[in-house]
Amino acid sequence: MKAAGEALRVTDVVSKERKRRPAPPFITSTLQQEAARKLGFTTSRTMRVAQKLYEGVAIGEEGAVGLISYMRTDSVNLSQEAVAEIRDVIARDFGTGAVPDKPNEYKSKSKNAREAHEAIRPTSALRTPASVAKYLDDDARRLYELVWKRTVASQMVPATMNTVSVELAAGSEHSFRASGTTVIDPGFLAVYEEGKDAKSAEDDDEGRKLPPMKTGQAVPLGSIHTDQHFTEPPPRFSEASLVKALEEYGIGRPSTYASIIQVLQNREYVYLDNRRFKPSDVGRAVAKFLTGHFMQYVDYDFTAKLEDELDSVAAGEAAWIPLLERFWKSFKTTVDEKSESVDRSEATGSRVLGIDPKSGKPVSVRLGRYGPFAQIGTAEDEDKPKFASLRPGTSMHTITLEEALPLFNLPRSLGQHEGKDVTVAIGRFGPFVKLGDTYASLGKTDDPYTISFEAAVELVRAKLEMIANRTIKVFPGTDIQVLNGRYGPYITDGEKNGKIPKDRDPASLTQAECEALLAEGKPVRKGGRFGKKVAARKAPAKKATKSADKTAAAPVKKAVAKKAPAKKAAKKPAKKAVRKTTAKRRRRGRRPDRIAGSPRHPPTAAVAGNAPARLRRGRFIRRVGAGFRCRAFSFPARRSAARHPAAPARRTPARP
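Numbers given for residues are sequential positions, taken from 1 along each chain in its written order. Residues qualify for local features only when their pLDDT is at least 70, as the model is predicted, and side-chain atom pairs are given and counted only at 80 or more; totals for whole chains, interfaces and linings, by contrast, use all residues. Values shown for side chains rest on all heavy atoms present in the structure; no hydrogens or waters enter the calculation.

**Some details on the overall build of the protein chain**
Right, on to step 1. The secondary structure listing takes helices from DSSP runs of H or I that are at least 4 residues long and strands from runs of E that are at least 2 residues long, numbered from the N terminus. Summing up its helical and strand segments, the protein chain has 20 helices and 24 strands in all.
Right, on to step 2. Counting the 656 residues in the protein chain, one finds 32% classified as buried.
Right, on to step 3. Between two residues, a contact is recorded if the distance between any of their heavy atoms is within 4.5 Å. Summarising the internal contacts of the protein chain: among those between residues at least 6 apart in sequence, 61% fall at separations of at least 24.
Right, on to step 4. Only carbon and sulfur atoms are counted for the fraction: they give 53% of the accessible area of the protein chain, which is about 42800 Å². Burial classes: relative accessible area under 20% of the type maximum marks a residue as buried, over 50% as exposed, and values in between as partly exposed (1.4 Å probe, protein chains only). Residue-level accessible areas treat just the shown protein chains as cover; the underlying method is Shrake-Rupley with a 1.4 Å probe.

Take a look at the structure:
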């Protein structure tokens, strides 16, 4: 202030005009990025909505119409017909001054771009967002509007910007600079402006207008305001910036960006916090292990190089067997070496926190089957180690010994209620309260380390009340019941479950109405996800056992001979089912030369006749009808060997 003397002097004024070109039409990656920035869509949601727009939407008398072109593309090109139609729309809606002398052309920045399709564009620019809005849901309307605006803007004139920079001197030793950018001709900005993940200095200058100034002019100085800025680390990836990074590194394809991100989230390697990805404990442990032992395979260049080699195979420029051979030999060797040399604790991200003051044993944290946990002691100790799950929001990479020790206070005994102990603990499915033989889960806001006796008893009371009120109505002489379930009232007879209409009172249903609803219901699942199939397979086995008992006194050969006709008659439906299954698999792309008995895959007597039961029950060989199926191979049963003579020896050399 003293040096300036209450006024700043203008020493230099620089004014520049610059052109800002529109962004190219959408490709898959840029559509996902812009939908994330402007609409808040995830990549999978973007592709799901785009698929609907591509497949077609019913539009009045026109019927089902595809509104956008194919949405999995890396090409920025537009057809001549589409460009001509877009230029007509621009001239009609924004004037002929917004139409460039010749169409704008763009080149793809991706080195691996195949450009097999057009860019993502409206099938007809004449279908404006306003004209089709009433036929679309909110997501589809917003995404279509984004595609339409981006496509139209890509064929408009550049925006003309005027940037003014002024140098202001405060005495002879100090100087300041002020800059601002104003829009002279909006051009394409009248329709669309591309979003950005992080603002730059130029973005801050835009919209800031400076008053006219001349060199030597004195500018009154009222005060000087100072701000301190610190260098910040790069922000964490958002979905938009992650897709951009994948594209820059050459990882993946337009059709795989969404699935890559979905896998990271499904496996809980990362989680979203304020729309930014953060690594989970599992993700940190996996990344540390892979970068420590398999660095060459998780390197960005390896993935990009392999993509190029696979492109060469797809183009017919290289053979696929040598490519896989080069990869597999070195990879298999590395895996074998690491299997012998790497300790399991390293794979689980084990970290020692300190020594337990009570027992004198080490306290550590590591990853387990159900997430991170703390442990007192080791497996080599005489006493069994103590285990405790980490609290929600606690990371195994940042937890301290002082934070870990209180975790072992569970299970907590809160007292007695009606002569029974009330305890709190954490199980496989979360924290719970136990009173006698009754268990009740804690609420989302309840903390097992601080919950009071009264609150715990209330949770158990509510659970007992719910159990008591589970049965709404029973029909004597039948198995039909109207019950309160987890998702509301329903009807069941033990074999089927039926839905109750929303406008009906469950207690007012009659037996006839329940029977009608059960007829439309779904079978009750028993014995797990594939319970019905397991039960169907067990039934023939029981019959076979009974017949075997009856013929136990007969010679073995005769028993086998007697069994064969009985099995034939009983298995006829099963054979049809097998044929149907085989037909279905072939329709899905199953190759005929993969079936046992073909010249390339002759049946093996050792496997066909003597496949042990433990293999049949395992994941590799499964009993199907009259034979065995081993993933891509089928082995006929011994009894059908006569109808399946051994095929001639394989003439083609075995694959490596």
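Now that the structure has been shown, the text picks up again.
**Side note on unusual backbone geometry**
Residues other than glycine predominantly adopt negative phi, and peptide bonds predominantly adopt the trans conformation.
Right, on to step 1. The linkage connecting Leu-410 with the following residue, Pro-411, adopts the cis geometry, with an omega of 0°.
Right, on to step 2. By secondary structure assignment, the location of Pro-411 is in the loop between helix 14 (401-404) and strand 13 (412-417).
Right, on to step 3. Positive phi values are uncommon outside glycine, yet Glu-268 reaches one of about 60°.
Right, on to step 4. Turning to its location among the elements, Glu-268 is positioned in the loop between helix 8 (257-266) and strand 7 (270-273).
Right, on to step 5. One non-glycine residue, Glu-418, lies in the positive phi region at around 55°.
Right, on to step 6. Looking at the element boundaries, Glu-418 is found in the loop between strand 13 and strand 14 (420-427).

**As for the sheet that holds strand 11 (residues 371-376)**
Right, on to step 1. Paired strands, as defined in this entry, are two strands with at least two bridges between them according to DSSP. The antiparallel open sheet is built from four strands, whose spatial order is 9-10-11-12. This sheet does not close on itself; its edge strands, each paired only once, are strand 9 (351-355) and strand 12 (386-389). When strand polarity is set aside, the average angle formed by the axes of neighbouring strands in this sheet is 25°. All axes here are fitted lines through C-alpha atoms, helices being fitted over the stretch that makes contact, and every angle between N-to-C directions spans 0 to 180 degrees.

**Focus: the packing of aromatic side chains**
Right, on to step 1. Ring pairs shown here join Phe, Tyr and Trp side chains whose ring centres sit within 6.5 Å, with only the six-membered ring taken for Trp; geometry is labelled stacked below 30 degrees between planes, edge-to-face above 60, and tilted in between. Scanning all chains against the criterion turns up twelve aromatic pairs.
Right, on to step 2. Measuring from centroid to centroid gives 6.2 Å for Phe-289 and Phe-294, while their planes differ by 50°, and the two rings are tilted.
Right, on to step 3. For the pair Tyr-297 and Phe-331, a centre-to-centre distance of 5.2 Å together with 90° between the ring planes defines the contact as edge-to-face. Here the residue Tyr-297 occupies a position in helix 10 (residues 295-298), and Phe-331 occupies one in helix 12 (residues 320-341), the gap between them amounting to 34 residues.
Right, on to step 4. Among the residues examined, Phe-331 registers a relative accessible area of 23% and is labelled partly exposed.
Right, on to step 5. The rings of Phe-289, Phe-294, Tyr-297, Phe-302, Phe-327, Trp-328 and Phe-331 are connected pair by pair, giving a single aromatic cluster.

**Remarks on helix 8**
Because the α-helix completes a turn every 3.6 residues, residues three or four places apart line up on one side.
Right, on to step 1. Of all the positions in helix 8, only Tyr-257, Ala-258 and Ile-261 are classed as buried. The arc enclosing the buried residues of helix 8, seen along the axis, measures out at 100°, which places them on a common side.
Right, on to step 2. At the C-terminal side of helix 8, Glu-268 shows a positive phi close to 60°. Here the arc refers to the set of directions running from the helix axis out to each C-beta atom.

**Points about the pattern of salt bridges**
Right, on to step 1. Should a side-chain nitrogen of Lys or Arg be within 4 Å of a carboxyl oxygen of Asp or Glu, the pair is scored as a salt bridge. Counted by the stated rule, this structure contains 19 salt bridges.
Right, on to step 2. Its salt-bridge partner being Lys-332, residue Asp-336 comes within 3.0 Å of it at the nearest N-O pair. Here Lys-332 and Asp-336 lie together in helix 12, a separation of four residues that amounts to about one turn.
Right, on to step 3. Among the charged side chains, a salt-bridge network with shared partners connects Asp-138, Arg-141, Arg-142, Glu-145 and Lys-149.

**Thoughts on the confidence of the model for the protein chain**
Note: predicted coordinates in regions of low pLDDT should not be interpreted at a detailed level.
Right, on to step 1. Looking at the protein chain as a whole, the pLDDT averages 78, with 76% of positions reaching at least 70.
Right, on to step 2. Contacts from residues 528-656, a stretch scored under 50 in pLDDT, to residues over four places away or in other chains number 97 contacts. As a per-residue quantity, pLDDT reports the predictor's confidence and falls between 0 and 100.

**Focus on the sheet that holds strand 20 (residues 496-499)**
Right, on to step 1. The five strands are arranged 17-18-19-20-21 in an open sheet whose pairing can be described as antiparallel. Of all the strands in the sheet, the pair left with one neighbour each is strand 17 (471-474) and strand 21 (522-523).
Right, on to step 2. The strands touched by helix 16 (residues 511-519) are strand 18 (481-485), strand 19 (488-492) and strand 20; relative to strand 20, the strand with the most contacts, the crossing angle is about 105°.

**Here's the deal with the packing of helix 1 (residues 28-39) against helix 5 (residues 138-153)**
Right, on to step 1. Where helix 1 meets helix 5, the closest approach of the two axes is 11 Å, and the angle between their N-to-C directions is 120°. As judged from the angle between their axes, helix 1 and helix 5 are oblique. Crossing angle aside, the handedness with which helix 1 passes helix 5 is right-handed. For the pair helix 1 and helix 5, the contacting residues are Thr-30, Leu-31, Glu-34, Ala-35, Lys-38 and Leu-39 in the first and Arg-142, Leu-143, Leu-146, Val-147 and Arg-150 in the second. Note that the term roughly parallel is reserved for angles under 35 degrees, roughly antiparallel for angles over 145, roughly perpendicular for angles of 65 to 115, and oblique for everything else. Here a crossing is taken to be left-handed if its near helix is turned anticlockwise relative to the far helix by less than a right angle, and right-handed if that turn runs clockwise.

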